[in-house]
Amino acid sequence: SIFFILFLPPQFKFYTWLLKNAVTILSKMNYIHSSNLLKKSLQKNPEKLLYTNESDLVKKIKKDSAYKKILSILKKEIENGSLNGQVILGDVNKGLNVNFEDTDLQFSLHGIKKIDYLAFKKNSKFYNLHFRLFDIYDFDATNYDPLIWIPVKMADDLEQIGILKNFEIEIQIYDSITFQ
């Protein structure tokens, strides 16, 4: 609320103003998901977001090269005999990192944390997949390169004092995998 903002230290008032303008700028740059999620994080109590297979976000994810990486990770799980389970992402040494190339996806999904999946065998070479990607909309200035560190640090500071709020994101996807 405006009353709360009046009692903030000057740098936080500036950050708040800057982030509200960033929502507009991101939208005008056609970074729709980045704009929408940043706007949601400015709400008093943002609820968990659920994206279904038919959503524009999932359509964009499926076009990104990172999606092939996600399918590759799931394919390895199936090859190892696991038709359902969970994969915790982030371990670069194990190849379990997923980085989107699309700028809107990079800014909106700061890092997929895990994948829950279920594979249904149709025949010896074909599996249907139902999986969910999980992320938390948050900011952590330690995970960014110096070029974008300053705006992320501002957002991290606003998160620490409760102006920006974290919220969960769940993305449901249906697809299939064919083995050679």
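Above: the structure in question.
Model, not experiment: these values are computed from the prediction.

Novice: Residues and numbers for helix α3 (residues 32-41), please.
Specialist: Extensive coverage of α3 is indicated by the burial of seven of its 10 residues. Inspection of α3 places His33, Ser34, Ser35, Leu37, Leu38, Lys40 and Ser41 among the buried residues, and these make up the whole buried set.

Novice: Break down helix α5 (residues 65-79) for me, citing the residues and quoting the values.
Specialist: If you check α5, its first and last C-alpha atoms are 21 Å apart, about what 15 residues at 1.5 Å a residue would give, namely 21 Å. Turning to α5, its buried residues are Ala66, Tyr67, Ile70, Leu71, Ile73, Leu74 and Ile78. Here the buried residues of α5 occupy an arc of 155 degrees about the axis, which is enough to place them on one side. Those residues of α5 that are exposed and aimed more than 90 degrees away from the buried face are Lys68, Lys76 and Glu79. Between the side-chain oxygen of the N-cap and the backbone nitrogen of Ala66 there are 2.9 Å, and the N-cap of α5 in question is Asp64. Positive phi appears at Gly81, one or two residues downstream of α5, with a value of about 90 degrees.

Novice: Now, about the environment of Leu164: what can you tell me, with residues and values included?
Specialist: For Leu164, the location among the structural elements is in the loop between α7 (146-160) and β5 (167-178). Residues within four places of Leu164 in sequence aside, it is in contact with Leu19, Leu38, Ser41, Leu42, Phe139, Ala155, Leu158 and Glu159.

Novice: Account for the environment of Ala119, naming residues and giving values.
Specialist: Counting through the fold element by element, Ala119 comes out in strand β3 (residues 114-123). Dropping the residues within four chain positions of it, Ala119 is found in contact with Ile78, Leu83, Tyr127, Asn128 and Leu129.

Conventions used here
- Residues numbered from 1 in each chain as written.
- Predicted model: local features only at pLDDT ≥ 70, side-chain atom pairs only at ≥ 80, totals over all residues.
- Heavy atoms only, no water.
- Buried < 20%, exposed > 50% of the residue type's maximum accessible area, 1.4 Å probe, protein only.
- Helix = DSSP H or I, 4+ residues; strand = E, 2+ residues; numbered from the N terminus.
- Expected span 1.5 Å × (residues − 1).
- Arc of directions from axis to C-beta.
- Polar contact = N/O pair within 3.5 Å; in protein donor to acceptor, adjacent residues only side chain to side chain.
- Contact = heavy atoms within 4.5 Å.

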